[in-house]
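Residue-level listing of the chains:
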Amino acid sequence: MGVDFLGNHGLSIASKPWIKNYAIKKALKASEEGYQSNLKQQKFSPGECEDRYATSQAIIGSAERLLSNPKNISPTYVKKLADIMVKSVVMENGDIPTQQAFKALHGRRPPGFMVISPTKACNLKCKGCYASSSAASLEKLSWDTFDRILTESHDIFGNRFVVISGGEPFAYKDKVNGETKDLLDMVAKHDDMFFMSYTNSLLINEEKAARMAELGNISPAISVEGWREKTDDRRGAGTFDGILASMERLRRHGVPFGISLTATTKNCEELFSDEFMDYFFSEQQALYGWVFHYMPIGRSFTLDLMPTIQQRQWMWKRTWELIKDKKYFLADFWNHGTLVDGCLAGGRSSGGGYMYINWDGKVMPCVFVPYSPVNINDIYKDNKTIADAWEESFFERIREWQAKYLKGNGHRGNLLAPCFIRDHQDVMRQIIADTEPDPENEPAREALLDEGYRKGMIEYGKAYQELSEPIWESQYLKIKKTLDKDEVK
């Protein structure tokens, strides 16, 4: 009864200042208690405990900003979050038995969520697109296959959260019994799951914004490359203004949204400036931000756009300043491995990781690791399930390496540099050589054969390991090194 009340009346309750303040204080207290418990149990290093605590504070800060203006969120979102996260998961214990049954059968926990790109089609043609998308592409998952992936993700893995990537997700369409269905039709069918969609946002018109508000279980993460000049340079003239128009529509309909930032050598300082962050988090009211570092894969891949190791370390420092000082919820997939036990690819050894399924059905460890041992369409033709794809040796080898890396050599491995492809390209190549997955496309094949690419990626990973290791040991493991006499001299 309490959860139903929260779902039906949570918005009006949250809008009352004294109740909202009480709830925020309770959340802050729980965050502090969790921090102290993590320190006591020593499951994580001291620095990891601090990062997790700071992030929980930022999440609470984001919730407080959202609830400070009840018009920012449709009542349906409050009810859906209560139903999916509180009632189904917490009170009814809905997903834990599913995950426990999977572990009993397979020896490991299942992936914590799925990432799916249902279509390669896109209304833009961005420079360096990792997916090599285009408007002319007809490649997509069929409605039935897309639907089955979600159903099995829920029923076999116990997932309640799904990330939709692309192509442009809002370009997805398929014919079902003569009727055209789109992404929001799929979101509506799986109304006991919550979706987040990476999007350029330009296809989110009034109708789609209104429907998202009605559904209440999808949040768009809108891609932006910097201010107008840099965004339009990479994504096309008029894109920045189109993004702002989409954000205005989403606010008006009460659809919570975030931003997705791709950092390159050319824009990282701009992205993390006070002016840019304040504009999108405070003025445009983005709820969260995901940070990607340009990955040299896909269309016209180049090492030149990767943030240098010095820029990467600066972004690590700068994002934590924004999280701690401004309470902005930012997550950097390369610099914030301390929040999630490192690399998430391949279904992840310690649980909580993810697997990725492409528009052509190829199952891959990560959006940015374009090598696949199996196609979900073939799996289904053979009357198998998504669990059979998860068991492929390519993914298992990745999980074995992750587990070994996490343990480190006497202490936890350096989680400031955990990425399977960027930080450990030599490891990735050895696993690919041993298990022989297929390159997803021709650029992925070329990357394996390009000696300059191989050498550059390996050198980058080793250089960043060397640069970040002293910080990992001193600020995270809290190791104090004593200089010997020769070092003193």
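Residues numbered from 1 in each chain as written. Predicted model: local features only at pLDDT ≥ 70, side-chain atom pairs only at ≥ 80, totals over all residues. Heavy atoms only, no water.

K.L.:
Pulling in residues and values, what's your account of the confidence of the model for the protein chain?
P.N.:
Here the protein chain shows a mean pLDDT of 89. Residues at 70 or above account for 89%. Scored below 50 in pLDDT, residues 1-9 makes 14 contacts in the model with residues more than four places away or belonging to other chains. Confidence drops under a pLDDT of 50 for residues 482-489, and excluding neighbours within four residues, the segment shows 2 contacts in the predicted structure. (pLDDT = per-residue confidence, 0-100. Contact = heavy atoms within 4.5 Å.)

K.L.:
Tell me about the state of the cysteines, and name the residues and values.
P.N.:
Tallied over the full model, the rule gives 0 disulfides. Not part of a disulfide, Cys366 finds its nearest cysteine sulfur in Cys419, a span of 6.6 Å. The thiol of Cys419 is unpaired, and the distance to the nearest cysteine sulfur, on Cys343, comes to 6.1 Å. (Disulfide = S-S within 2.5 Å.)

K.L.:
Just give me the short version of the packing of helix H3 (residues 46-67) against helix H13 (residues 309-326), but keep the residues and values in it.
P.N.:
Each packed pair of helices is defined by two parameters, the angle between the axes and the distance between the axes. Axis separation between H3 and H13 bottoms out at 8 Å; the angle between their running directions is 55 degrees. The angle between the axes of H3 and H13 places the two elements in the oblique class. Considering the relative orientation of H3 and H13, their crossing is left-handed. Facing H3, whose interface residues are Asp51, Ala54, Thr55, Ala58 and Arg65, H13 presents Trp320, Ile323, Lys324 and Lys326. Here the contact of H3 with H13 is composed, by residue class, of 4 nonpolar, 1 polar and 4 charged. (Axes fitted to C-alpha atoms, helices over the stretch in contact; angles between N-to-C directions. Helix = DSSP H or I, 4+ residues; strand = E, 2+ residues; numbered from the N terminus. Parallel < 35°, antiparallel > 145°, perpendicular 65-115°, else oblique. Left-handed = near helix turned anticlockwise from the far one by under 90°. Nonpolar A, V, L, I, M, F, W, Y, C, P; charged D, E, K, R; others polar.)

K.L.:
Please give an account of helix H9 (residues 228-235) that cites residues and values.
P.N.:
For H9, the set of buried residues is Thr231, Asp232, Arg234 and Arg235. In the core, the buried residues of H9 are packed alongside strand S6 (218-224), helix H10 (239-253) and strand S7 (258-263). (Buried < 20%, exposed > 50% of the residue type's maximum accessible area, 1.4 Å probe, protein only.)

K.L.:
Talk me through the pattern of salt bridges; I want residue IDs and the actual numbers.
P.N.:
With the rule as written, the count across this model stands at 29 salt bridges. Of the charged contacts in the structure, one is a salt bridge between Glu225 and Arg235, with a shortest N-O distance of 2.7 Å. Of this pair, Glu225 sits in the loop between S6 and H9 while Arg235 is found in helix H9, placing the two residues 10 residues apart along the sequence. What makes Arg235 buried here is its relative accessible area of 13%. For the salt bridge of Lys326 with Asp274, the shortest nitrogen-to-oxygen distance reads 3.9 Å. Taken as a pair, Lys326 in helix H13 and Asp274 in helix H12 (residues 274-283) lie far apart in primary sequence, 52 residues in all. Salt bridges sharing common partners tie together Asp274, Asp278, Lys317, Arg318, Glu321 and Lys326. (Salt bridge = Lys/Arg side-chain N within 4 Å of Asp/Glu carboxyl O.)

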